[in-house]
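Structural description and commentary
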Amino acid sequence: MIKTEIYEEALFQTIKRGATEISDDVKEAFEKAIERETDVEAKKGLKATLESMELSAKRENPLCVDTGWPIFYFKVGNNCKLEGGFVELENAARRAVARATEKGYLRATMKHPLTGYDPGNNIGMNIPDFTYQFVDGDFIEISYAAKGGGSECFGGTRHRIVAFADGIKGIEKFVIESFVASARAGAVCPPSVLGIGIGGTANVAANLAKEAACLRTVGSKHPDPMFAKIEEDLYKALNSLGIGILGSGGATSVLAVNVEYAYTHIAGIACATSTNCMVARRASSRIDADGTVSKMKSPNWFGDR
Amino acid sequence: MSVYHLNGPLTDEDVKKLKLGDTVYISGECFTCRSRLQKYIFDEKHTLPFSTEGRNILIHNGPIIVKENGKWKLMSFMPTSSIRFEKWGAKSVDEWNLKMIVGKTTMGASTMAMMKEKKCVHVSPRSVSPNLWIDSIEVQDVHLYDELGRIEAAWFFKVKDLGPFIVDIDAEGNNYFDKLDGEIAERKQKALKDLGIEEDFEFTKLY
Ligand code: SF4
């Protein structure tokens, strides 16, 4: 039985790390982008961003002022036992979000959608958001993602049902058109980690796209060569456009393109995009049945795919 | 492209010389603004509780500020997207006599027209680097904190060489991103062709 105080503290530390520390894979992608950038101003911008992100870890302040939507992904072992059960896990996550907000690791960003009322702690109807995946074992893996407003509000998240007849060409055209529109003037804060969901109902495709954007290790490939090729082709195509950092020109428009898919009704192929902004915040921790907490480098969300 | 270090309050002369793509650093007194402030003033018809004379630089931003030992402490700062305030953009420039708006992205046609008329520019960041900015910002005061909440309130900042920002709307109503749009559209045609997607490709209409 994993004690409440252990998982609550692990939740808090995971939020703090996600909000204030750049992950290794994103850092590596930035270093590569800096190396290949030829536009002088864009290179300065990438360097300044990386420098600021590295300072955030030291100063324990947020990587970006917009700390976005608090989103949790729980990968749960079938035999995982939590004190208070999963209802208490979610309560603890809410308490941890409120505490992180009070400490200034998160900004009080979540408000009432119609009145704009600010509870001041990022807690409200259906927020934070929780997603579960069940696997064998007795552990739990916690991932926290802070999905920035720019990346989510300005057209980075889109969907279209593409006819089976239009195939990969239709999907790729939809993705390129969508990305160009959403990255104009830097709206989605490129260079982006672009997630793409193909198949399932529209909401399944949208969730896959968000998970691909927020949880895949940057630089990883889909294990199925057919999907890996789409990732590679789109990565090259999007980086040839010259959108650059914050849309003001440059050689890197995407840090990664990650595709996930689901079987579907082929009357129409749901195709969804989700962009994660350049700070691509997330952190993961694992708690074993004996209560040992360990930091994870990457979420491992797709590990058993 | 030139680099300017400007001191607020800004004059017409200060902003008229700025060209698209120029780099600016700003010093002086500014205030922050987000949707709830503009809604409160322009839609709900409240009076702005301070004067913008001597403080004609507006920053679209919701900072993270905490109180430490009775003093405000700025934890993080990054200009937020300006385009979402387009509905109130022209009114803000006009009624608040703004000379510069700092924000991510850019503004739309109606604000640009007002900026041309009133001589105002929009500048935007080219990085997400809060830690390189917060040391240049002193938090002076806050207005409408109780009414609008911590991040939507109007914060008064005194800034010193805050930047770099690029000029993306000049005082003649031209937009840096309009120029880039054309270049990107051309490259997009080539990218689609390289992927084997014909120019006349049309989506099958399912709905
Ligand atoms: S979308 Fe942009 S402004 Fe928002 S968190 Fe991401 S980088 Fe920051």
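It should be emphasised that the depicted structure is a prediction, and the values quoted were computed from it without experimental measurement. (Residues numbered from 1 in each chain as written. Chains lettered and ligands numbered in written order. Predicted model: local features only at pLDDT ≥ 70, side-chain atom pairs only at ≥ 80, totals over all residues. Heavy atoms only, no water.)

1. Thoughts on the overall build of chain B
- Helices and strands together make up the secondary structure of chain B, namely seven helices and nine strands.
- If one aligns the C-alpha atoms of chain B with their principal axes, the spans along those axes are about 65 × 40 × 35 Å.
- Every one of the 207 residues in chain B was classed for burial, and the buried ones make up 58%.
- Once local pairs closer than 6 in sequence are excluded, the contacts in chain B between residues at least 24 apart make up 65%.
- In the form shown here, chain B has an accessible surface area of approximately 9100 Å², with 47% of it arising from carbon and sulfur atoms.
- Within chain B, one finds 29 positive and 32 negative side-chain charges whose respective centroids are separated by 3 Å. (Helix = DSSP H or I, 4+ residues; strand = E, 2+ residues; numbered from the N terminus. Buried < 20%, exposed > 50% of the residue type's maximum accessible area, 1.4 Å probe, protein only. Contact = heavy atoms within 4.5 Å. Areas by Shrake-Rupley, 256 points an atom, 1.4 Å probe, with all protein chains shown as cover. Lys, Arg positive; Asp, Glu negative; His and termini not counted. Charge placed at Lys NZ, Arg CZ, Asp CG, Glu CD.)

2. Section: the sheet that holds strand E4 (residues 158-162) of chain A
Residue and element names in this part refer to chain A.
- With mixed pairing, four strands are arranged side by side in an open sheet as E4-E7-E5-E6. Strands at the two margins of the open sheet, each flanked by one partner only, are E4 and strand E6 (254-261). Ignoring which end each strand starts from, the neighbouring axes of this sheet average 20 degrees apart.
- Across five bridges, E4 lies against strand E7 (residues 269-276) in antiparallel orientation. Counterpart to Ile161 in the pairing with E7 is Ala270.
- Along the sheet, helix H7 (residues 202-214) makes contact with E4, strand E5 (192-198), E6 and E7, crossing E7 at roughly 30 degrees.
- The sheet contacts of helix H8 (residues 225-239) involve E5 and E6, and relative to E6 the element is tilted by about 150 degrees. (Pairing = 2+ DSSP bridges. Axes fitted to C-alpha atoms, helices over the stretch in contact; angles between N-to-C directions.)

3. Observations regarding H7 of chain A
- Its 13 residues place the ends of H7 of chain A 18 Å apart at the C-alpha level, agreeing with the 18 Å of an ideal helix rising 1.5 Å per residue.
- Within H7 of chain A, burial applies to Ala205, Leu208, Ala209, Lys210, Glu211, Ala212, Ala213 and Cys214 of chain A. (Expected span 1.5 Å × (residues − 1).)

4. Quick look at unusual backbone geometry
All names here are of chain A.
- The omega torsion of the bond from Ile127 to Pro128 falls at 5 degrees, within 30 degrees of zero and hence cis.
- Inspection of the secondary structure assignment puts Pro128 in the loop between helix H4 (85-102) and strand E2 (129-135).
- A cis amide bond links Pro190 to the next residue, Pro191, at an omega of 5 degrees.
- With respect to the element layout, Pro191 can be found in the loop between helix H6 (167-183) and E5.
- The phi dihedral of Leu246 falls on the positive side, at around 50 degrees, and the residue is not glycine.
- By relative accessible area, Leu246 is classed as buried at 3%.

5. Examining the pairing of strand E2 (residues 23-33) of chain B
Residue and element names in this part refer to chain B.
- Among the 11 residues in E2, nine count as buried, and that is most of the element.
- In this sheet, E2 lies alongside strand E1 (residues 3-7) in parallel orientation, the contact comprising five bridges. What sits directly across from Tyr4, in E2, is Val24.
- Relative to strand E9 (residues 154-169), E2 is paired through seven bridges, and the arrangement is antiparallel. Along E9, the bridge assignment pairs Thr23 with Ile166.
- The sheet contact formed by E2 and strand E3 (residues 57-60) spans four bridges and is parallel. From the neighbouring strand, Cys33 faces E3, where its bridge partner is His60.

6. Overview of the domain arrangement of chain A
All names here are of chain A.
- Domain assignment breaks chain A into domain 1 (4-21 + 63-148 + 281-296) and domain 2 (150-276).
- Placing the centre of domain 1 and that of domain 2 at their C-alpha centroids yields a distance of 26 Å.
- In this complex, domain 1 contributes 12 residues to the contact, which on the side of domain 2 involves 14 residues.
- Interface area, domain 1 with domain 2, both sides summed: about 940 Å², of which 52% is carbon and sulfur.
- Viewed at the interface, domain 2 and domain 1 are joined by two salt bridges.
- A salt bridge links Asp129 to Lys210; the shortest N-O distance between them is 4.0 Å.
- The tally of links between domain 1 and domain 2 comes to nine residue pairs in polar contact (both at pLDDT 80 or more).
- Of all elements in the fold, only strand E1 (69-77), E2 and strand E3 (140-147) reach the threshold of two or more residues within the side of domain 1 that touches domain 2.
- Across the side of domain 1 that touches domain 2, the residue classes break down as four nonpolar, three polar and five charged. (Domains from an automatic or database assignment. Buried area = accessible area lost by both parts, 1.4 Å probe. Salt bridge = Lys/Arg side-chain N within 4 Å of Asp/Glu carboxyl O. Polar contact = N/O pair within 3.5 Å; in protein donor to acceptor, adjacent residues only side chain to side chain. Nonpolar A, V, L, I, M, F, W, Y, C, P; charged D, E, K, R; others polar.)

7. What to know about the environment of Ile161 of chain A
Residue and element names in this part refer to chain A.
- Within the element layout of this structure, Ile161 appears in strand E4.
- Given a relative accessible area of 23%, Ile161 falls into the partly exposed group.
- Through-space distance from the C-alpha of Ile161 to that of Ile269 is 5.2 Å; in sequence the pair is 108 residues apart.

8. A few points about the site of the ligand
- If you check the shell around the ligand, you find Cys64, Asp66, Gly148, Gly149, Gly150, Ser151, Cys189, Cys277 and Arg281 of chain A together with Val128 of chain B and nothing else.
- This site is not confined to one chain, since residues near the ligand come from chains A and B.
- Grouping the amino acids of the shell around the ligand by side-chain chemistry returns four nonpolar, four polar and two charged.
- When residues of the shell around the ligand are sorted by domain, at least three fall in each of domain 1 (4-21 + 63-148 + 281-296) and domain 2 (150-276) of chain A. (Near = heavy atom within 4 Å.)

9. A few points about the interface of chain A and chain B
- Contacts between chain A and chain B engage 67 residues on the former and 53 residues on the latter.
- A buried area of about 4600 Å², summed over both sides, lies between chain A and chain B, and 61% of it is on carbon and sulfur atoms.
- Where chain A touches chain B, the interface holds seven salt bridges.
- Counting residues per element, the ones that place at least two in the side of chain A that touches chain B are helix H3 (40-59), E4, H6 and H8 of chain A.

10. Overview of the packing of aromatic side chains
- Taken as a whole, this structure holds 23 aromatic pairs over all chains when the rule is applied.
- Seen from their ring centres, Tyr73 of chain A and Trp301 of chain A are 5.1 Å apart, and the 65 degrees between their planes marks the pair as edge-to-face. Highlighted residues: Tyr73 of chain A in strand E1 and Trp301 of chain A in the segment after strand E9 (293-296), separated in sequence by 228 residues.
- On the accessibility criterion, Trp301 of chain A (6% relative accessible area) is buried.
- Every member of this aromatic cluster is reached through a ring pair, and the members are Phe72, Phe74, Phe86, Phe130, Tyr132, Phe134 and Tyr144 of chain A.
- Above the ring of Phe203 of chain B, the side-chain terminus of Arg160 of chain A is found at 3.9 Å from the ring centroid. (Phe/Tyr/Trp six-rings, centres within 6.5 Å; stacked < 30°, edge-to-face > 60°. Lys NZ or Arg CZ within 6 Å of the ring centre and 35° of its normal.)

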